[in-house]
Amino acid sequence: MNAPDPNISANRAPIRQLDDAAANRIAAGEVVERPASAVKELVENAIDANATRIEVAYADGGKTLLRVTDDGFGIPEDQLHLALSRHATSKIDGSDLLNIHTFGFRGEALPSLGAVGRLTITSRAEGSDGAATISVNGGALDALKPAALSRGTVVELRDLFHATPARLKFLRTDRSESGAIIDVIKRLAMAEPLIGFTLRDVTGGGEGRVVFQVAPQTGDLFDALHARLAKILGADFAANALRIDAEREGLAITGFASLPTYSRGSAAAQYMFVNGRPVRDKVFFGAIRGAYSDFLHRDRHPALALFLECDPTLVDVNVHPAKSEVRFRDPGIARGLIVTALRHALADAGHRASTTVADATLGAFRPETAPAGAIYQMDRQSQPRYSAAPQAGFAETQPSYSARVEVVETPVVADQPLGAARAQVHENYVIAQTPDGIVIVDQHAAHERLVYERLKRQMAENGVAAQALLIPEIVELAADDHGRVLSAGDELAGFGLVIEDFGGTAVCVRETPALLGEVNAAALVNDIADELADLNQTQSVKDKLEAILSRVACHGSIRSGRVMRAEEMNALLREMEATPHSGQCNHGRPTYVELKLHDIEKLFGRR
Ligand code: ADP
Ligand code: MG
């Protein structure tokens, strides 16, 4: 019998060295997923070349043509071929992979793009008296030719993935690929406010259509950034954004973050950057959620653009080929810094609430000037379910009274920001007169926030004061709620809610928070059980406490439908002024809106 030939087997092929073209195609699979990722690489190269203006043109969603033109320092003629070879870069010398200040450094983008499309680079290096061009097609390099170009670099990529039809199949519609390109350009334009960007759709040839354009911003970096964000995220965002600027242990965070009242239904308007590089990072998302947890319902999200800068050695940007994920050496410090910076900015905002709601309402009267950006929709979806159902413990007036207006005669309180209460309408809205306008307060939302802030204050001092029930209340719970509530018993006692096991799946409520007055113990305990079930395990104890306190606060607030006396209304206004974070309720809706006389006059065509 012959010995088996080791090179012939039904299962196994021999090991071979791949040629460069194949290696580049494989690398391209990691770096270039779709036209937008090619755009990102090419624009980052232009930024690294100190460009001040960058123009991107695309056709058919970038599938047939991508062209990036910059006015940067260019590539010397004798190095053009090197730019196209694998692992060739001018950005590092390979000795210190952690100390990286530029976007690029892997030296992979251009050769990868050359492997999966028809790539042409034309460039004129600074100080050189002519330009040159070189092409690569399916990995094969053409000869260098002289070209005409006054400065900078033009990189053109045609027929992306023509050499790898399998990848072509994974591309989406032109519309969706264009959308991804626009998104990439917007992110980079936020990170680089001093650079001008133009994006053109040149499908069908010619000059095409300008899809997005921003001029280079001037002024100090914060002003430039604010102006740039106004262009990209909208004037509404800019008007309702808080400036973020903090530093700790070698990490600095800057940017703008929205007031909680300017919130969105998804985290799509959250833009994050590390050392100028757009990232989507868990550490950020978690920190943002934590910082706003006290102001926003879990399904509302702030809009923001945050820039973290640190010594390049504190963050590894090399973990992901497309470089959208990063690894912090100490994620705790990064998270702590982001949370603290956001919380401080929010606390400094005091009772300031979004101007946008009033603007949007005015806009509804004047459709032609309605703000274009997505704004807080006054939807009621994020309201906790029990708000819809009147609760025991309050004398609920019936809706038939809703046309009644309580008119109050009070002197104008000239210098109080929230003015003097003038009337209560529809049994839920307090109308106050300020020196230059009117304020409309949602009494239920405002009171809920005040109760919450009082609870937090008591909590921080000696714990929430409890009040014993004359007759302890027995509450039946679902089996898993029963366990959950009992195991949180110690924490709940800290909130003034004292419960004991009553056997089976029942608990006995002995004491409730004194601040709440008379409450429906069953509703309260059931809500807390829901809250405990909703909270995920990774949330910190502090976040949990706040979420639960916020739930508790709902039970102590003045329901809509309660008629208030003048003194009560004015006391509410004064307490709002004195209480931090009182401009928004616990779900991120505004607690009041202000209409300036000026705006009212506009409504009547007087201006
Ligand atoms: P990397 O950016 O990781 O260095 P690339 O393959 O993207 O790798 O680019 C290779 C090299 O080509 C860069 O290091 C740079 O020297 C040069 N280069 C690429 N694009 C430009 C540009 N627009 N202007 C000037 N130089 C460029
Ligand atoms: Mg690069």
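Residues numbered from 1 in each chain as written. Chains lettered and ligands numbered in written order. Predicted model: local features only at pLDDT ≥ 70, side-chain atom pairs only at ≥ 80, totals over all residues. Heavy atoms only, no water.

Observations regarding the overall build of the chain
Here is step 1: Secondary structure summary: the chain contains 18 helices and 26 strands in total.
Here is step 2: Per-residue burial for the chain yields a buried fraction of 48% across its 607 residues.
Here is step 3: Relative to all contacts within the chain whose residues are 6 or more apart in sequence, the contacts with residues 24 or more apart total 69%.
Here is step 4: Per element, the accessible surface of the chain, about 28300 Å² overall, is 53% carbon and sulfur. (Helix = DSSP H or I, 4+ residues; strand = E, 2+ residues; numbered from the N terminus. Buried < 20%, exposed > 50% of the residue type's maximum accessible area, 1.4 Å probe, protein only. Contact = heavy atoms within 4.5 Å. Areas by Shrake-Rupley, 256 points an atom, 1.4 Å probe, with all protein chains shown as cover.)

What about the sheet that holds strand 25 (residues 506-513)?
Here is step 1: With antiparallel pairing, the three strands of this open sheet are ordered in space as 23-25-24. Of all strands in the sheet, those bounded by a partner on one side alone are strand 23 (466-476) and strand 24 (498-501). With direction set aside, neighbouring strand axes in the sheet form an average angle of 20°.
Here is step 2: In terms of strand pairing, strand 23 meets strand 25 through seven bridges, oriented antiparallel. Residue Glu 476 lies in a different strand from strand 25, and its bridge partner there is Ala 506.
Here is step 3: Across the sheet, helix 13 (residues 479-487) is in contact with strand 24 and strand 25; its angle to strand 24 comes to roughly 125°. (Pairing = 2+ DSSP bridges. Axes fitted to C-alpha atoms, helices over the stretch in contact; angles between N-to-C directions.)

Thoughts on the confidence of the model for the chain
Here is step 1: Summing up the model confidence of the chain, the mean pLDDT is 81 and the portion of residues at 70 or higher is 80%.
Here is step 2: In this model, residues 366-404 is a region of pLDDT below 50 whose contacts with residues beyond four sequence positions or in other chains number 62 contacts. (pLDDT = per-residue confidence, 0-100.)

Brief notes about helix 10 (residues 331-348)
Here is step 1: Taking 1.5 Å per residue as the helical rise, helix 10 with its 18 residues ought to reach 26 Å, and the 26 Å between its terminal C-alpha atoms agrees with that figure.
Here is step 2: Within the span of helix 10, buried status applies to Ile 333, Ala 334, Gly 336, Leu 337, Ile 338, Val 339, Ala 341, Leu 342, Ala 345 and Leu 346.
Here is step 3: A side-chain oxygen of the first residue of helix 10 lies 3.1 Å from the backbone nitrogen of Gly 332; this N-cap is Asp 330. (Expected span 1.5 Å × (residues − 1). Polar contact = N/O pair within 3.5 Å; in protein donor to acceptor, adjacent residues only side chain to side chain.)

A look at the sheet that holds strand 10 (residues 241-248)
Within a sheet, each strand pairs with its neighbour through backbone hydrogen bonds, oriented either parallel or antiparallel.
Here is step 1: What the five strands build is an open sheet, ordered 10-11-16-13-14; its pairing is mixed. Looking at strand neighbours, the two that pair on one side only are strand 10 and strand 14 (277-279), the edges of this open sheet. The mean inter-strand angle of the sheet, taken between neighbouring strand axes irrespective of direction, is 20°.
Here is step 2: When strand 13 (residues 270-274) meets strand 16 (residues 304-310), the two strands line up parallel, connected through five bridges.

Remarks on the nonpolar core
Here is step 1: Counting 59 residues, the largest nonpolar core has Val 43, Ile 54, Ile 185, Met 190 and Phe 197 as its most contacted members.
Here is step 2: Top contributing element to this core by residue count: helix 6 (residues 174-191), with eight residues.
Here is step 3: Looking at which domains feed residues into this core, each of domain 1 (20-214) and domain 2 (221-348) gives three or more.
Here is step 4: Setting aside anything within four residues of it in sequence, one finds Ile 54 in contact with Val 43, Ala 46, Ile 47, Val 68, Thr 69, Asp 70, Ile 195, Gly 196, Phe 197 and Thr 198.
Here is step 5: Within the second largest apolar cluster, 35 residues are counted, among which are Ile 244, Phe 295, Phe 328 and Ala 341. (Core = buried A, V, L, I, M, F, W, Y, C linked by side-chain atoms within 4.5 Å. Domains from an automatic or database assignment.)

What to know about the pattern of salt bridges
Here is step 1: One pass over the structure, following the stated rule, counts 23 salt bridges.
Here is step 2: Between Glu 575 and Arg 454 there is a salt bridge whose closest N-O contact spans 2.9 Å. Note that Glu 575 is positioned in helix 17 (residues 566-578) and Arg 454 in helix 12 (residues 443-460), a separation of 121 residues in sequence.
Here is step 3: Overall, Glu 575 belongs to the partly exposed group, its relative accessible area being 23%. (Salt bridge = Lys/Arg side-chain N within 4 Å of Asp/Glu carboxyl O.)

Quick word on the environment of Ser 258
Here is step 1: Position of Ser 258 relative to the elements: it lies in strand 11 (residues 251-258).
Here is step 2: Note on Ser 258: relative accessible area 0%, which makes it buried.
Here is step 3: Taking C-alpha positions, Ser 258 is 9.7 Å from Leu 342, a pair spaced 84 residues apart along the chain.
Here is step 4: Aside from chain neighbours lying at most four places away, what touches Ser 258 is Phe 237, Asn 240, Ala 241, Tyr 292, Pro 302, Ala 303 and Leu 346.

Here we look at helix 4 (residues 109-116)
Here is step 1: Counting buried positions along helix 4 yields eight of eight residues, so the element is predominantly enclosed.
Here is step 2: Here helix 4 has its buried residues at Ala 109, Leu 110, Pro 111, Ser 112, Leu 113, Gly 114, Ala 115 and Val 116.

With respect to the packing of helix 6 against helix 7 (residues 221-233)
Here is step 1: Packing of helix 6 against helix 7 leaves a shortest axis separation of 9 Å and a crossing angle of 160°. The angle between the axes of helix 6 and helix 7 places the two elements in the roughly antiparallel class. Viewed along their axes, helix 6 and helix 7 form a crossing whose handedness is left-handed. Along its contact with helix 6, which presents Lys 186, Ala 189 and Met 190, the element helix 7 presents Leu 225, Arg 228, Leu 229, Ile 232 and Leu 233. (Parallel < 35°, antiparallel > 145°, perpendicular 65-115°, else oblique. Left-handed = near helix turned anticlockwise from the far one by under 90°.)

What to know about the side chain of Thr 198
Here is step 1: Turning to its location among the elements, Thr 198 is positioned in strand 8 (residues 196-201).
Here is step 2: In this structure the side chain of Thr 198 is engaged in a polar contact, spanning 3.0 Å, whose partner is the side chain of Gln 213.
Here is step 3: The residues touching Thr 198, leaving out its near neighbours within four places in the chain, are Ile 54, Glu 55, Val 56, Val 210, Phe 212 and Gln 213.

Remarks on the packing of helix 9 (residues 282-292) against helix 10
Here is step 1: Where helix 9 meets helix 10, the closest approach of the two axes is 9 Å, and the angle between their N-to-C directions is 35°. Viewed along their axes, helix 9 and helix 10 form a crossing whose handedness is right-handed. Where helix 9 abuts helix 10, its residues Val 283, Phe 284, Gly 286, Ala 287, Ile 288, Gly 290, Ala 291 and Tyr 292 lie against Pro 331, Ala 334, Arg 335, Ile 338, Val 339, Leu 342, Arg 343 and Leu 346.
Here is step 2: Taken together, the residues that form the contact of helix 9 with helix 10 break down as twelve nonpolar, two polar and two charged. (Nonpolar A, V, L, I, M, F, W, Y, C, P; charged D, E, K, R; others polar.)

A closer look at the pairing of strand 24
Here is step 1: The sheet contact formed by strand 24 and strand 25 spans four bridges and is antiparallel. Along strand 25, the bridge assignment pairs Glu 500 with Cys 508.
Here is step 2: A loop of four residues connects strand 24 with strand 25, the two strands running antiparallel in sequence, and Gly 503 in this loop sits at a positive phi of about 85°.

Here's the deal with unusual backbone geometry
Here is step 1: Although it is not a glycine, Asn 275 sits at a positive phi angle of roughly 45°.
Here is step 2: The class of Asn 275 is partly exposed, set by a relative accessible area of 25%.
Here is step 3: A positive phi angle, close to 50°, is found at Glu 427, a residue other than glycine.

Overview of the environment of Phe 284
Here is step 1: Examined against the element boundaries, Phe 284 turns out to sit in helix 9.
Here is step 2: What makes Phe 284 buried here is its relative accessible area of 0%.
Here is step 3: Other than its neighbours up to four places away in sequence, Phe 284 contacts Ile 253, Met 272, Phe 273, Val 274, Val 279, Leu 306, Leu 308, Phe 328 and Ile 338.

A few points about the pairing of strand 3 (residues 118-124)
Here is step 1: The pairing of strand 3 with strand 4 (residues 131-137) spans six bridges and is classified as antiparallel. Paired with Leu 119 across the strands is Val 136, a residue of strand 4.
Here is step 2: Joining the antiparallel neighbours strand 3 and strand 4 is a turn of six residues, in which Gly 127 adopts a positive phi near 85°.
Here is step 3: Pairing between strand 3 and strand 7 (residues 152-158): seven bridges, direction antiparallel. Within strand 7, the residue paired with Arg 124 across the bridge is Gly 152.

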